[in-house]
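Listed here are the chains, written in short residue letters.
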Amino acid sequence: MRFFRALWRFLVGVKDALVLLLMLAFFGTLYAALSTRPATSIPQNAALTLNFSGIIVDQQSEEPPFTVLTGGGGLTREIRLRDLVRSIDAASDDKRIKAIVLDLDNFLGAGQGHLQAIGHALSRFRAGGKPIYAYATAYTDDSYYLASHANEIWLNGLGGVLLTGPGGANLYFKTLLDRLGVDVEVFRVGTYKSFVEPFTLDGPSPEALEAAQSLADTLWASWRVDVARARPGAEVTPYLDTLPERVSQTGGDLAQAALRARLIDKIGNRTAFARRMVEIVGQDQQRTPGRWSSVALSDYAAATQPCALATGAAGGVVYVTGDMVGGEGEPR
């Protein structure tokens, strides 16, 4: 009897192991099927359409393996910088790509270093003789920076070019903490260490203001120089200095004010912009009315992925982003 009990336990263990392996194989296959995109054919004379819906990042955030199965994911779309730059450079020499379209309607912004890297790539694309077209309902600092590299900048008639420059405000809690009887113990070394000031002051210190103003001035000066180089005819400074008067002269029409300042080239809605793109690159392969022949960034980046080198020294880049915290954080 002892032998048969041992044999039975062995068989049950084998059965459980096989069931577990089959389940793992099933879910692994399902995940691979859902996460693998079919190969995309790039049509001839197409436009590389760069939809800047989201933010530009060096490294996209990690997602749990089964996020794709549950339909979850981050609320903010992240676009990897190197995919953008590499795709723009590849499109420069790709005879199938006739133009680039910058869809900036839902662009949430990027660091100025990222904007400059993309801007340089767009300038290289234009230097090869291919045009760039930009569209948005409204342009802010970051979206207009990219649009300034386009041959034609389109603006919705209900929108405007809303440039503000870098800046912002902080909340300060010293009075509130005093009323609540909260005692904040701070250990700080250095004059310009202003991180803890919201808990110890009711406003920024002179040193904090000096540092913030220096950074803002540097970023804004760099922004103006780059935009002026990309679009020499744009009257950015006069437009900002006399914006109320210019808007008044157009009867409150921000789009017309931007057009008169040569910040944009065309006023029209997305339908009119689509018709213009059909004139440039033709209709899509399905001959859908109002749809131009195009390839999306994700498809083009996958289709033009460079092959890994088989030999030679390898190098790696480690991206360090986010707050410094104790314990464990998300993998990056």
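On a predicted model such as this, the values are computed, not experimentally measured, just so you know.

Conventions we followed
Residues numbered from 1 in each chain as written. Predicted model: local features only at pLDDT ≥ 70, side-chain atom pairs only at ≥ 80, totals over all residues. Heavy atoms only, no water. Helix = DSSP H or I, 4+ residues; strand = E, 2+ residues; numbered from the N terminus. Buried < 20%, exposed > 50% of the residue type's maximum accessible area, 1.4 Å probe, protein only. Contact = heavy atoms within 4.5 Å. Areas by Shrake-Rupley, 256 points an atom, 1.4 Å probe, with all protein chains shown as cover. 1 Å grid on protein atoms, 1.4 Å probe; cavity = no way out; pocket = protein on both sides within 12 Å on 5 of 7 lines; lining within 4 Å. Points joined across faces, edges and corners; volume = space filled by probe spheres on them. Pairing = 2+ DSSP bridges. Polar contact = N/O pair within 3.5 Å; in protein donor to acceptor, adjacent residues only side chain to side chain. Axes fitted to C-alpha atoms, helices over the stretch in contact; angles between N-to-C directions. Core = buried A, V, L, I, M, F, W, Y, C linked by side-chain atoms within 4.5 Å.

Asker: Which residues make up the overall build of the protein chain, and what values go with them?
Answerer: If you tally the helices and strands in the protein chain, you get 13 helices and 9 strands. Counting over 332 residues, the protein chain shows a buried share of 32%. Partitioning the contacts of the protein chain with sequence separation of at least 6, the portion at a separation of at least 24 is 69%. In the form shown here, the protein chain has an accessible surface area of approximately 20800 Å², with 58% of it arising from carbon and sulfur atoms.

Asker: Lay out the layout of surface pockets with the relevant residues and their values.
Answerer: If you add up the space inside the second largest pocket, you get close to 420 Å³. Considering the residues around the second largest pocket, the lining is formed by 17 residues, among which Gly-168, Asn-170, Tyr-172, Ala-208 and Ala-212 are closest to the centre. Within the residue set of the lining of the second largest pocket, elements represented by two or more residues are α7 (197–200) and α8 (206–230). Per-element accounting of the lining of the second largest pocket gives the leading share, 6 residues, to α8.

Asker: Give me the pairing of strand β7 (residues 152–155): which residues, what numbers.
Answerer: Side chains Glu-152 and Trp-154 of β7 all project onto a buried face; the interleaved residues Ile-153 and Leu-155 project onto the opposite face, where all are buried too. Here strand β6 (residues 132–136) pairs with β7 via 4 bridges, running parallel. Each residue of the ladder has a partner; that of Ala-134, found in β7, is Ile-153. Note: β7 against strand β8 (residues 266–267), 2 bridges, orientation parallel. Bridged to Leu-155 within β8 is Ile-267.

Asker: Describe the side chain of Arg-246, naming the residues involved and giving the relevant values.
Answerer: By secondary structure assignment, the location of Arg-246 is in helix α10 (residues 243–249). A relative accessible area of 18% places Arg-246 in the buried class. Within polar-contact distance, the side chain of Arg-246 engages the side chain of Thr-242 at 2.8 Å. The residues contacting Arg-246, other than those within four sequence positions of it, are Glu-235, Pro-238, Tyr-239, Ala-257 and Ala-261.

Asker: Requested: an account of the sheet that holds strand β3 (residues 78–80), with residues and values cited.
Answerer: Read across the sheet, 3 strands follow the order β3-β2-β5 without closing on themselves; strand pairing throughout is parallel. Both edges of this open sheet fall to β3 and β5 (107–109), since each of them pairs with a single strand only. Going from strand to strand, the sheet's axes swing by 40 degrees on average, the running direction of each strand aside. Bridge count for strand β2 (residues 54–57) against β3 is 3 bridges, and the pairing is parallel. Residue pairing for β3: Val-57 is matched across the bridge by Arg-80. Helix α3 (residues 81–92) rests against β2 and β3 of the sheet, and its axis sits at about 50 degrees to β3.

Asker: Talk me through the nonpolar core; I want residue IDs and the actual numbers.
Answerer: With 51 residues, the main nonpolar core has Phe-52, Leu-104, Tyr-139, Tyr-144 and Val-161 as its most contacted residues. If sequence neighbours within four positions are ignored, Phe-52 has contacts with Arg-77, Ile-79, Leu-84, Leu-102, Asp-103, Leu-104, Asn-106, Phe-107, Leu-108, Ile-118 and Leu-146. With 13 residues, the next largest nonpolar core counts Val-101, Tyr-133, Ala-274 and Trp-292 among its residues.

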